[in-house]
Amino acid sequence: MTTRRTRSRLAGNKRVAAICLLPLLAAACAASAPETPAAEDAASSGAASPPAGGPEPEHNPLRNAYFGDFHVHTSWSLDAYVLGGNRDDPSLAYRFGRGDEVTTADGRVHRLRVPLDFMAVTDHGIRLGEVHLCEDESDAAYDTPTCEQVRANNWFEMSRFEGRGRLPPDICGQGEATLTAGNRCYERSRHLWHEIQRNADAFNEPGRFTTFPAYEWTAFPPGYGHLHRNVIFRGDAVPEWGGSAVEMGNRPERLWEWLEAACTGDCQVVAIPHNSNLSGGLAFADSGWAPHTPEMLRLRAWAEPLVEIHQIKGNSECYRGLGTTDEECGFENRWPVCEPGRRQGCANAPDFVRNALRAGLRLEADYGVNPFKFGFIASTDDHQSLGGATDENDFAVKPLKFATGGGLDVIGQGREGAEWFGDRDGGGNPNNPGGLVGVWAEANTREAIFDALRRRETFGNSGTRIHVRFFAGWDYPADLDARRDMVEAAYAGGVPMGADLPDPPGGDAGGGPRFVVWAMKDPASANLQKVQIVKGRAAADGQTAEQVYDVACADGLQPDPRTRRCADNGAQVDLSDCSYATDLGAAELSATWTDPDFNPALRAFYYVRVLENPTCRWTTHRALARVTAPPESDPGTVKERAWSSPIWYTPAAP
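What counts, and at which threshold
- For every chain, the first residue of the written sequence is number 1, and numbering continues from 1 along that sequence.
- Local features in this predicted model are restricted to residues of pLDDT 70 or higher, and side-chain atom pairs are both shown and tallied only at a pLDDT of 80 or more, whereas totals for entire chains, interfaces and linings draw on every residue.
- The side-chain figures draw on all heavy atoms in the structure; neither hydrogens nor water molecules are used.
- Going along the chain from the N terminus, every DSSP run of H or I of four or more residues is numbered as a helix, and every run of E of two or more is numbered as a strand.
- Buried means the residue's accessible area, taken with a 1.4 Å probe over protein chains only, is under 20% of the maximum for its type, while exposed means over 50%, and partly exposed covers the values in between.
- Throughout, the Shrake-Rupley method with a 1.4 Å probe supplies accessible areas, and for residues the shown protein chains are the sole cover considered.
- Salt bridges are counted wherever a side-chain nitrogen of Lys or Arg sits within 4 Å of a carboxyl oxygen of Asp or Glu.
- Any two strands with at least two DSSP-identified bridges between them are counted as paired.
- Each Phe, Tyr or Trp ring (for Trp, its six-membered ring) is paired with any other whose centre lies within 6.5 Å, and the angle between the two planes then decides the class: stacked below 30 degrees, edge-to-face above 60, tilted in between.
- We call a charge positioned over a ring when the NZ of a Lys or the CZ of an Arg lies within 6 Å of the ring centre and within 35 degrees of the ring normal.
- A fitted line through C-alpha atoms serves as each axis, taken over the contacting stretch for helices, and the angle formed by two N-to-C directions is quoted from 0 to 180°.
- What makes two residues a contact is simply this: any of their non-hydrogen atoms within 4.5 Å.
- Candidate patch residues must exceed 30% relative accessible area and have no salt bridge, after which like charges are joined if within 9 Å and Val, Leu, Ile, Met, Phe, Trp or Tyr side chains if within 5 Å.
- When charges are tallied, Lys and Arg are placed among the positive residues and Asp and Glu among the negative ones, while His and the ends of the chain are skipped.
- The atom standing in for a charge is NZ when the residue is Lys, CZ when it is Arg, CG when it is Asp and CD when it is Glu.
- For the purposes of this section, nonpolar cores are sets of buried Ala, Val, Leu, Ile, Met, Phe, Trp, Tyr and Cys residues that join through side-chain atoms within 4.5 Å.
- Cysteine sulfurs are considered disulfide-paired once they come within 2.5 Å of each other.
- Within a predicted model, pLDDT stands for the predictor's per-residue confidence, ranging from 0 to 100.
- Oblique is the label for any angle not under 35 degrees, not over 145, and not in the 65 to 115 range, which are roughly parallel, roughly antiparallel and roughly perpendicular in turn.
- Crossing chirality is assigned from the near helix's rotation relative to the far helix, an anticlockwise turn below a right angle marking it left-handed and a clockwise turn marking it right-handed.
- Amino acids are sorted into nonpolar (Ala, Val, Leu, Ile, Met, Phe, Trp, Tyr, Cys and Pro), charged (Asp, Glu, Lys and Arg) and polar (every other residue, Gly among them).

Turning our attention to the overall build of the protein. Check the secondary structure of the protein and you find 16 helices and 29 strands. Counting all 654 residues of the protein, 61% fall into the buried class. On the protein, roughly 23,600 Å² of surface is accessible, and the fraction owed to carbon and sulfur atoms is 50%.

Structure representation (structure tokens):
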């Protein structure tokens, strides 16, 4: 049963130290700690020091929506430096994120349409030292053949060493990746880790623009694809550098073990997997690098409470034909389905987040721990020091350079290696502008935003700033979404997105919980078309299943009792000028909903997906600007969307 509303209400939103416990770290801890670099003049970098004695940021107990980007690369990342020719450092990235007009090293001028509320620069831990050694004219590495190739943007020279546990010996002083003083690249990375923290601290302005010390742990297991994580620390309590994915053997469990051992006391951290869609089937597979033991699953669940569901290199929610028939699972899928015997450069069922959520239900039944109880975020994975630039009509993709010399145009033709770097066969482009992190937090501060990450009160956007709230409770009134005190009552009588439903009062689940959802459009984008609830459930035979329900549809449409979907509302886009319908859809949608198929004996999860009316995809905008036809292999339009974190139901113990 569902109560639906279309209205305009803000619904509570006020604004549109090294610890050496592991054998892996023993050699590093035996070496002397790196000298902390002297503070750079804030004025010269454009940084703004936190205001001393200023007013305390306003706190809202019902929580505000804040938008940010947790996946931004600068010239400190090898691929950004070499493939994109990026020569802009983290200070420019932070200035851009907070809303400053910036001029990049190539002379282009950029400014965000709407500044970010928070941000983390996440340069790759892998090859961090190499890039800086190659830029340091005072270091002996500067004149080596490898460094000359790096500065000439020759990716393939460095890719011979990328991720395979090997180092360029002319730069690093040795060929094997170890945590020793003889590894000059590791030593330089330890020094730069302090610089990364100092940069984040210099730009942190509580109440206006919040920044976090962070980096990307970038693993490339041989024979597979990506096993990358963005590692975000809460504040000033940060451990000494523990090594990149290369020194950790490209094994995620070594990252989790290091974080548990090193991040203690006031230190708090989350590691966020991303690009599971490119993992070669390994990201959430039943058999992976780490053994499935209760202790390892517990460690993973602690270290990784979130997952990045969308970014520039594609969408990781779901893939039609790989565990689902959901018609909306064709959104920004990067690769075709794998043919038998192939794992890389194609899509595997274990690559996708919804399948991982379902697998987590099985693992919890078998081991008593669910390692895939993920909250959702999105981000950009920008490599131009321009995080948060997600507008389809202003996607500033820069050509990627290859050793053969040619640039990769954003609407170019397919070529060797293009499945990784941008082109589809036939001239299309699988990249997209990426997404944004949304959090519901009491204030725009490190503490409040990080606490929202930990409790998973987060949501992801595909690029526009849709607001979405999602609650569940056993005793909600049937019209809760229509009440002025909806948010206050929802918190008081239930739980928000990212949480577990408590046991029902009296132990009787009865007809099931009630769910309350509210969504509001981005005022600069198209109206909302519908709100859906995606359900996954365990089955008595140990398998899992899923169902998608339309729970609030614009324009007076009602779900079909058989398909549980509303008909399309008919909103169209004029591809000749990218104008779109403004008389269809809704500024705001809400519903109070009860699962008609609830079974109190079976584990389940529920999350919300909000869909906009269609608008032009970025490739169509770019084609119009160039007075050329869009690539035939690309969709001309896109249906922007947002995803809430799930809410989980677990039957009470007998």
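Let's shift gears to the pattern of salt bridges. Following the criterion strictly, the structure yields 44 salt bridges and no others. Taking the shortest distance from any N to any O, the salt bridge between Glu 457 and Arg 63 comes out at 2.6 Å. With a gap of 394 residues between them, Glu 457 in the loop between helix H14 (446-454) and strand E16 (458-461) and Arg 63 in the loop between helix H2 (42-45) and strand E2 (64-72) connect regions that are remote in the sequence. Accessibility expressed as a relative area gives 15% for Arg 63, which makes it buried. Close ionic contact of Arg 234 with Asp 451 constitutes a salt bridge, the shortest N to O distance being 3.2 Å. Here the residue Arg 234 occupies a position in the loop between strand E8 (228-233) and helix H10 (252-262), and Asp 451 occupies one in helix H14, the gap between them amounting to 217 residues. With relative accessibility at 31%, the residue Asp 451 sits in the partly exposed group. Residues participating in the shared-partner salt-bridge network are Glu 317, Asp 326, Arg 354, Arg 358, Glu 546 and Arg 609.

Our next topic: the sheet that holds strand E12 (residues 375-378). Read across the open sheet, the three strands follow the order E11-E10-E12; overall the sheet is mixed. Looking along the sheet, the strands with just one partner apiece sit at the ends: strand E11 (314-315) and E12. Judged from the two bridges that link them, strand E10 (residues 306-311) and E11 form a sheet pairing that is antiparallel. What sits directly across from His 310, in E11, is Asn 315.

In the case of a regular strand, side chains alternate between the two sheet surfaces. With nine of its nine residues buried, E2 lies for the most part within the structure. The pairing of E2 with strand E15 (residues 436-441) spans five bridges and is antiparallel. Looking at the pairing, Ala 65 lines up with Trp 440 of E15. Judged from the three bridges that link them, E2 and strand E5 (residues 118-121) form a sheet pairing that is parallel. By the bridge assignment, Val 72 is partnered in E5 with Val 121.

Turning our attention to the packing of aromatic side chains. Under the counting rule described, the total for this entry stands at 25 aromatic pairs. Arranged with centres 5.0 Å apart and planes meeting at 55°, the rings of Tyr 549 and Trp 593 form a pair that is tilted. Here Trp 593 lies in strand E24 (residues 588-594) and Tyr 549 lies in strand E21 (residues 544-553), a separation of 44 residues in the sequence. Aromatic ring contacts, followed pair by pair, group Phe 470, Phe 515, Tyr 549, Trp 593 and Tyr 606 into a single cluster. The ring centre of Tyr 81 lies 3.5 Å from the NZ or CZ of Arg 87, which sits over that ring. Its end group placed over the ring of Tyr 142, Arg 151 keeps NZ or CZ at 3.7 Å from the ring centre.

Right, let's talk about the sheet that holds strand E7 (residues 214-217) for a bit. In spatial order, the strands read E7-E8-E9; together these three strands make up an open sheet with antiparallel pairing. The open sheet terminates on both sides in strands that have one partner only, identified here as E7 and strand E9 (269-274). The sheet shows a mean angle of 20° between the axes of neighbouring strands, taken without regard to direction. By the bridge criterion, four bridges tie E7 to E8 in an arrangement that is antiparallel. Looking at E8, one finds that Glu 216 is bridged to Asn 230. The sheet strands contacting H14 are E8 and E9, and the helix crosses E9 at an angle near 55°.

The next subject is a negative patch on the surface. Taken together, the side chains of Glu 135, Glu 137, Asp 143 and Glu 148 present a region of like negative charge at the surface. Here Glu 148 shows up in helix H6 (residues 145-151). Note on Glu 148: relative accessible area 42%, which makes it partly exposed.

Our focus in this paragraph is helix H16 (residues 618-625). Residues Trp 618, Thr 619, Thr 620, Arg 622 and Ala 623 constitute the buried set of H16. Where H16 is buried, its residues touch strand E26 (615-616). Residue Val 627 follows H16 closely and has a positive phi angle near 55°.

Moving on, we get to the environment of Ala 214. Looking at the secondary structure, you find Ala 214 in strand E7. A residue is classified by how much of its surface remains accessible, and Ala 214, at 0% relative accessible area, is buried. Residue contacts for Ala 214: discarding those within four places in its chain leaves Ala 120, Val 121, Thr 122, Trp 193, Ile 196, Val 231 and Ile 232.

Within the largest apolar cluster, 46 residues are counted, with the highest numbers of intra-cluster contacts made by Phe 470, Val 531 and Val 610. If we skip the residues at most four places from it in the chain, Val 610 touches Ile 466, Val 468, Ala 519, Leu 528, Lys 530, Val 531, Glu 640, Arg 641 and Ala 642. Ranked by size, the runner-up nonpolar core spans 30 residues in total, among them Trp 241, Met 248, Leu 282 and Ala 303.

Time to look at the state of the cysteines. One pass over the structure, following the stated rule, counts seven disulfides. Two residues share a disulfide in this structure: Cys 318 and Cys 329, whose sulfurs sit 2.0 Å from each other. Across the S-S bond of Cys 318 and Cys 329 the torsion is about -95°, and the bridge reads as left-handed. With Cys 318 in the loop between E11 and helix H12 (353-367) and Cys 329 in the loop between E11 and H12, this pair connects stretches of sequence that are 11 residues apart. The exposure class of Cys 318 is buried, given its relative accessible area of 3%. Cys 329 sits in the buried class, given a relative accessible area of 1%.

Keep in mind that low pLDDT regions are not for reading the predicted coordinates in detail. Per-residue pLDDT for the protein has a mean of 86; in total, 84% of the residues score no lower than 70. pLDDT under 50 marks residues 3-45. Its contacts with residues more than four places away, or in other chains, come to 109 contacts.

Here we come to the packing of helix H4 (residues 90-97) against helix H9 (residues 184-203). Remark: H4 packs on H9, axes separated minimally by 10 Å, with the N-to-C direction vectors making an angle of 30°. As far as their axial angle goes, H9 and H4 are roughly parallel. When the axes of H4 and H9 are compared, the crossing they make is right-handed. Across from Pro 90, Ser 91, Tyr 94 and Arg 95 in H4, the residues of H9 making contact are Asn 199, Ala 200 and Phe 203. Of the residues in the contact of H4 with H9, the class split is four nonpolar, two polar and one charged.

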